[in-house]
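Spelled out, the chains give:
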Amino acid sequence: MRLLNSLEHGQESIKAIEAILEDLDAVPVARHLIAGVSAARTVYQMPNGRKIIVKQLRPTRLPTTCVGCSYNNGVDCHEGFYGVRLYLDTTGVFQVGVCIQRMDLCVPLEEFVTGDLCREVLALRADEYRQLSAQHAR
């Protein structure tokens, strides 16, 4: 089973998921993080051995692209930097997006691969990987 909270109902939704987990006597057994993106998952195990996966979002932002964004105000940016997405535009050109709310940040695939946005994504991932590895080593 997989539980996802409602971004629209925020904390109320998270509390509902916590109540379900408590009612089922589920205990956390694993936490999965991917460096450089906002997605995180916690695996819970119920007394009968079945598992429940709960998806959460971590406050992850691109250090340059997200800084001046009007959505990056603690309220409007629900997912943060979730990862790159590939879109096909109406002219048949593949575009790379880094924000589900800001399609204006999309760039053609070739430009992304050779540009600053790609380097920013890679740098964020490398920095977070180092931080997460250091925390895990403690």
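Residues numbered from 1 in each chain as written. Predicted model: local features only at pLDDT ≥ 70, side-chain atom pairs only at ≥ 80, totals over all residues. Heavy atoms only, no water.

Q: How should I be thinking about the pattern of salt bridges in this particular structure?
A: Pairs can form between side chains of opposite charge whenever their charged atoms are close. Enumeration over the complete set of coordinates arrives at five salt bridges. Across the pair Glu128 and Arg58 runs a salt bridge, and its minimum N-O distance is 2.8 Å. Placement of Glu128 in helix α3 (residues 116-137) and of Arg58 in the loop between β4 (51-57) and β5 (85-88) is noted, with a sequence separation of 70 residues between them. Each member of the pair, Glu128 together with Arg58, is buried. (Salt bridge = Lys/Arg side-chain N within 4 Å of Asp/Glu carboxyl O. Helix = DSSP H or I, 4+ residues; strand = E, 2+ residues; numbered from the N terminus. Buried < 20%, exposed > 50% of the residue type's maximum accessible area, 1.4 Å probe, protein only.)

Q: Help me understand the pairing of strand β3 (residues 39-45) in this model?
A: Every regular strand shows the same layout, with side chains that alternate between the two sheet faces. Counting buried residues along β3, five of its seven residues qualify, which places the element largely inside the surrounding structure. Bridge count for strand β2 (residues 27-33) against β3 is six bridges, and the pairing is antiparallel. Counterpart to Ala30 in the pairing with β3 is Val43. Once β2 ends, the chain turns through five residues before running back antiparallel as β3, passing Gly36 with a positive phi of about 85°. Where β3 and β4 come together, seven bridges link them in antiparallel fashion. Within β4, the position partnered with Ala40 by the bridge is Gln56. (Pairing = 2+ DSSP bridges.)

Honestly, it's all geometry; don't read function into it.
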